[in-house]
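Observations on the model geometry
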Amino acid sequence: MSRARVARRIAAGAAYGGGGIGLIGAATVGVVLAEVQLAKRSVGGGHAVPPRCDGRYGRAYTEDAGQDSGRGSGRPDCSEPVLFAMLGDSTAAGQGVHRAGQTPGALLAAGLAAVAERPVDLRNVALPGAQSDDLDRQVTLILSDPAWVPDVCVIMIGANDVTHRMPPTRSVRHLSAAVRRLRTAGAEVVVGTCPDLGTVENVYQPLRWLARRVSRQLAAAQTIGVVEQGGRTVSLGDLLGPEFAANPRELFGPDNYHPSAEGYATAAMAVLPTLCAALGLWPEEERPDISRREGFLPVARAAAQAAAEGGTEVTAAMPVGPRGPWALLKRRRRRRIHAPEPSPLPH
């Protein structure tokens, strides 16, 4: 069965209350359980609390806006910060690094501030070990203050759903509900989908093959659910994908499971263009570029293609097509933001 068809079935099950589609067939459960135990003994601990990265980034833009005010420069008032929230699991929290400026939340906040030329206020409620059913609690935390409704949110979730064998329909249902609540509150939402767990160095065959297969299936199903709720997705296959497989010593952290600082920077560079585009800030046409193999596709096909190629964006294009909802698949050009290492500052 094609990945697109599997993803469509999982997403449909999530939407209509189904839960019987398992990620791993019964015939392989015994072998998989044995391999899981071996992998748990081989992969390092990595239980240290991630550094807190909440705070204001790009404070210099507030000062610049104050200096320009009243001078007839024609620049819009840029003193109001962009409100940015991070949700998800240990990847969103930045587990595995030691400084706040190395976490994906800090990297994205600093990059967003540089592109928008405005300060960015970051709140990170991601929880190491979280599965998708924790998103309801995290969204409630983010929306609990009526005076602080985020302009944009990034969610990174899915790896723990695979390793804990959460039914994929249930996983997608929780993620879709979280995106719907945030979109209803007025926030743009970007989801970094489940990374390719088949590249974790100390996971062996046949678990490696199965982990790659099921994580990509979940990533594709997540994409369908998110796009249907008005969000955008970025495939994080590269987070534990080809670059990580080729450079495990450089891109994995000390526990051989979570990314290193260089790994998080790679992931942040993949997400930043979509984060900025969601706010209308990225200097690219919101149309497909045929030279980069972009285009309009049925959402299931777009989701399947994105799951196999890290850094690929999928967003809603039209509500109905010949084969159901359609989506725009984009491969945005990444631009490195030249800025000093970010540090959170108090509001």
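Note that the structure is predicted; figures quoted are calculated from it, not measured.

Overview of the packing of helix α5 (residues 104–116) against helix α12 (residues 261–278)
Two elements in contact, α5 and α12, have axes separated by 9 Å at closest approach and are oriented at 40°. Between α5 and α12, the crossing angle belongs to the class labelled oblique. Relative to α12, α5 is oriented so that their crossing is right-handed. Contact with α5, carried on its side by Pro 104, Leu 107, Leu 108, Gly 111, Leu 112 and Val 115, involves Tyr 264, Ala 265, Ala 268, Val 271, Leu 272, Leu 275 and Cys 276 of α12 and no other residues of that element.

With respect to unusual backbone geometry
If you check the backbone angles, Arg 165 has positive phi at about 55° while not being a glycine. Position of Arg 165 relative to the elements: it lies in the loop between α7 (159–163) and α8 (168–184). Non-glycine residue Arg 293 carries a positive phi angle of around 60°. Counting through the fold element by element, Arg 293 comes out in the loop between α12 and β7 (295–298).

Overview of the nonpolar core
In this structure, Phe 84, Met 86, Leu 108, Val 154, Val 271 and Leu 275 are the most contacted members of the largest nonpolar core, which totals 30 residues. Elements with a minimum of two residues in this core: β2 (82–88), α4 (90–93), α5, β3 (120–124), β4 (152–156) and α12. Ranked by residues supplied to this core, first place goes to α12 with seven residues. Here Val 271 is in contact with Leu 108, Val 154, Met 156, Val 190, Val 234 and Leu 236, once residues within four sequence places are set aside. Within the second largest apolar cluster, 23 residues are counted, among which are Leu 197, Ala 211, Val 299 and Ala 303.

Here we look at the pattern of salt bridges
Enumeration over the complete set of coordinates arrives at 14 salt bridges. Close ionic contact of Glu 309 with Arg 293 constitutes a salt bridge, the shortest N to O distance being 4.0 Å. Separated by 16 residues along the polypeptide, Glu 309 in the loop between α13 (299–307) and β8 (313–321) and Arg 293 in the loop between α12 and β7 bring together distant segments of the chain. Residue Glu 309 is classed as partly exposed on the basis of its relative accessible area, which comes to 27%. Here Arg 293 falls in the exposed class, since its relative accessible area comes to 55%. Within the structure, one salt-bridge network assembled from shared partners comprises Asp 289, Arg 292, Glu 294 and Lys 330.

About the cut-offs
Residues numbered from 1 in each chain as written. Predicted model: local features only at pLDDT ≥ 70, side-chain atom pairs only at ≥ 80, totals over all residues. Heavy atoms only, no water. Axes fitted to C-alpha atoms, helices over the stretch in contact; angles between N-to-C directions. Helix = DSSP H or I, 4+ residues; strand = E, 2+ residues; numbered from the N terminus. Parallel < 35°, antiparallel > 145°, perpendicular 65-115°, else oblique. Left-handed = near helix turned anticlockwise from the far one by under 90°. Contact = heavy atoms within 4.5 Å. Core = buried A, V, L, I, M, F, W, Y, C linked by side-chain atoms within 4.5 Å. Buried < 20%, exposed > 50% of the residue type's maximum accessible area, 1.4 Å probe, protein only. Salt bridge = Lys/Arg side-chain N within 4 Å of Asp/Glu carboxyl O.

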